[in-house]
Amino acid sequence: MTHWKEILQKSIDTPAELARHFDFDCSALEAANASFPMRINPYYLGLIQSVKDPLWKQAVPDPTELLDSVCIPDPLDEENLSPVPNLVHKYPDRVLFLVASECAMYCRFCTRKRKVASSEMIITDKMIDDGIGYISKNPTVREVLISGGDPLILSDARLDSILGRLRGIPTVEVIRIGTRMPCTLPMRITKELVAVLKKHHPLYINTHFNHPRELTTEATAACSLLADSGIPLGCQTVLLKGVNDTPETLQKLFLGLLRMRVKPYYLFQGDLTRGTNHFRTHSSIGIQIMRQLIGTISGMAIPTLALDAPGGKGKIPLTPDYIISRGHQLIFHNYCGQTCSYPENGDPV
Ligand SMILES: *Cc1c(COP(=O)(O)O)cnc(C)c1O
Ligand code: SF4
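Residues numbered from 1 in each chain as written. Chains lettered and ligands numbered in written order. Predicted model: local features only at pLDDT ≥ 70, side-chain atom pairs only at ≥ 80, totals over all residues. Heavy atoms only, no water.

For the rest of this paragraph, the subject is the pairing of strand E2 (residues 94–98). Judged by how many residues are buried, E2 sits mostly within the fold: 4 of 5 residues are covered. Note: strand E1 (residues 87–91) against E2, 3 bridges, orientation antiparallel. Looking across to E2, one finds that Val88 is bridged to Leu96. Remark: 2 residues form the turn of the hairpin made by E1 and E2, two consecutive strands paired antiparallel. What joins E2 to strand E3 (residues 143–147) is helix H6 (residues 125–137), and the crossover it makes is right-handed. (Buried < 20%, exposed > 50% of the residue type's maximum accessible area, 1.4 Å probe, protein only. Helix = DSSP H or I, 4+ residues; strand = E, 2+ residues; numbered from the N terminus. Pairing = 2+ DSSP bridges. Right-handed = clockwise from strand over helix to strand, strands pointing away.)

Structure representation (structure tokens):
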């Protein structure tokens, strides 16, 4: 099997190269590519079937990225919530630690589009040291979320070192890695990598699939390797207009993930990240989709639809409203729209 780094080196990063594979006007994409870089590796390129299909839209620059006058560079206020560079401390008991600036593909909807793959994001050894120092001095931090960029773009040795140093902090209970590699370059999940990861349990991985066509044989093999080494797998999907914003598509995705031993964890309402406005859906669309899925398919396949509140205010679940009235009886709809009631016991708190 070709080494994942060799596959990655063959990535295309200009619209002109893409025009060798598909028939479209590549000059229209040059400006968007200059503002927000593209990278499409040969594996993901092979999944794209036609111009503007759901996988194309995730990977290929679009002129509308530059027409976004609504969104802002850092909607989650991550820079202001960083006590040291590239470590975001927003919630009391967990931090987000950005350890890599590159990815196997640059997703057009990326929430960190402002910095991923740009000169705004250079991760130095000192930043890693400072992040680890911060975590060791803050014993309320029970969980460290390692993200980027994509942490699995780092070498096995570098990952082993970072994970080992975090494990050396007695107050760190759980390590969670956020990575799109099982989806965008599943060959990265090797036996050697898995041997490194399993040294640092309890370790969770949240991966990121957005469309059922991403659930390939290769992706399934990658998830099997991870799951077989005892790593619980979750998925953070982003709700994207024109990509996965129908109940049929998401049902297929979530049930497919479950078969791959990946538990759908979050379905994110689009962030207000500059250059991604064309992907945002009205909040009612996601809520309506959740209403159609909850109860219809296995609860194991149902993620929480969440809105990451602007200004770094945290993730808010968006849940269909089932309650009709409250009193001595709680009156509500069930999943198929029937009216039901439940007699209360005592007074409300
Ligand atoms: C999303 C996020 C987390 C993790 O939130 P969970 O609800 O535990 O998945 C932690 N820190 C930051 C800054 C985040 O954006
Ligand atoms: S893999 Fe994740 S961090 Fe990298 S570009 Fe895609 S969404 Fe952004």
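Summed over the entire model, instances satisfying the criterion amount to 5 aromatic pairs. Summarising the aromatic geometry, the rings of Phe22 and Trp56 are spaced 5.4 Å apart at their centres and angled 90 degrees between planes, so their arrangement reads as edge-to-face. On the criterion of sequence distance, the pair formed by Phe22 in the loop between helix H2 (15–18) and helix H3 (30–35) and Trp56 in helix H5 (residues 54–59) is long-range, its members being 34 residues apart. Judged by relative accessible area, Phe22 falls into the buried class, the value being 13%. For the pair Tyr266 and Phe268, a centre-to-centre distance of 5.0 Å together with 40 degrees between the ring planes defines the contact as tilted. Overall, the relative accessible area of 16% leaves Tyr266 in the buried class. Site record: aromatic cluster; members linked through ring pairs are Phe22, Phe24 and Trp56. Lying across the ring of Phe36, Lys113 places its NZ or CZ 4.5 Å from the centre. A cation over an aromatic ring shows up here: Arg291 above the ring of Tyr322, its NZ or CZ 4.9 Å from the ring centre. (Phe/Tyr/Trp six-rings, centres within 6.5 Å; stacked < 30°, edge-to-face > 60°. Lys NZ or Arg CZ within 6 Å of the ring centre and 35° of its normal.)

Further remarks concern the site of ligand 1. Every residue close to ligand 1 is listed here: Val88, Lys90, Tyr91, Arg94, Leu96, Leu145, Arg176, Tyr265, Tyr266 and Lys315. In this structure, an oxygen atom belonging to ligand 1 sits 2.8 Å away from a side-chain N or O atom of Arg176. The side chain of Tyr265 places a nitrogen or oxygen atom 2.6 Å from an oxygen atom of ligand 1. Calculation on ligand 1 without its partners gives an accessible area of 390 Å², and the protein chains cover 90% of this total. If you list the elements that add at least two residues to the shell around ligand 1, you get E1, E2 and strand E7 (262–268). The residue makeup of the shell around ligand 1, split by class, is 6 nonpolar, no polar and 4 charged. (Near = heavy atom within 4 Å. Polar contact = N/O pair within 3.5 Å; in protein donor to acceptor, adjacent residues only side chain to side chain. Areas by Shrake-Rupley, 256 points an atom, 1.4 Å probe, with all protein chains shown as cover. Nonpolar A, V, L, I, M, F, W, Y, C, P; charged D, E, K, R; others polar.)

Running from amino to carboxyl end, H6 crosses helix H7 (residues 156–167) at an angle of 25 degrees, the nearest separation of the two axes being 10 Å. Taken together, H6 and H7 sit at an angle that is classed as roughly parallel. Crossing of H6 over H7 shows right-handed handedness. Judged by residue contacts, Asp125, Ile128, Asp129, Ile132 and Ile135 of H6 engage Arg158, Ile162, Arg165 and Leu166 from H7. Across the contact of H6 with H7, the residue classes break down as 5 nonpolar, no polar and 4 charged. (Axes fitted to C-alpha atoms, helices over the stretch in contact; angles between N-to-C directions. Parallel < 35°, antiparallel > 145°, perpendicular 65-115°, else oblique. Left-handed = near helix turned anticlockwise from the far one by under 90°. Contact = heavy atoms within 4.5 Å.)

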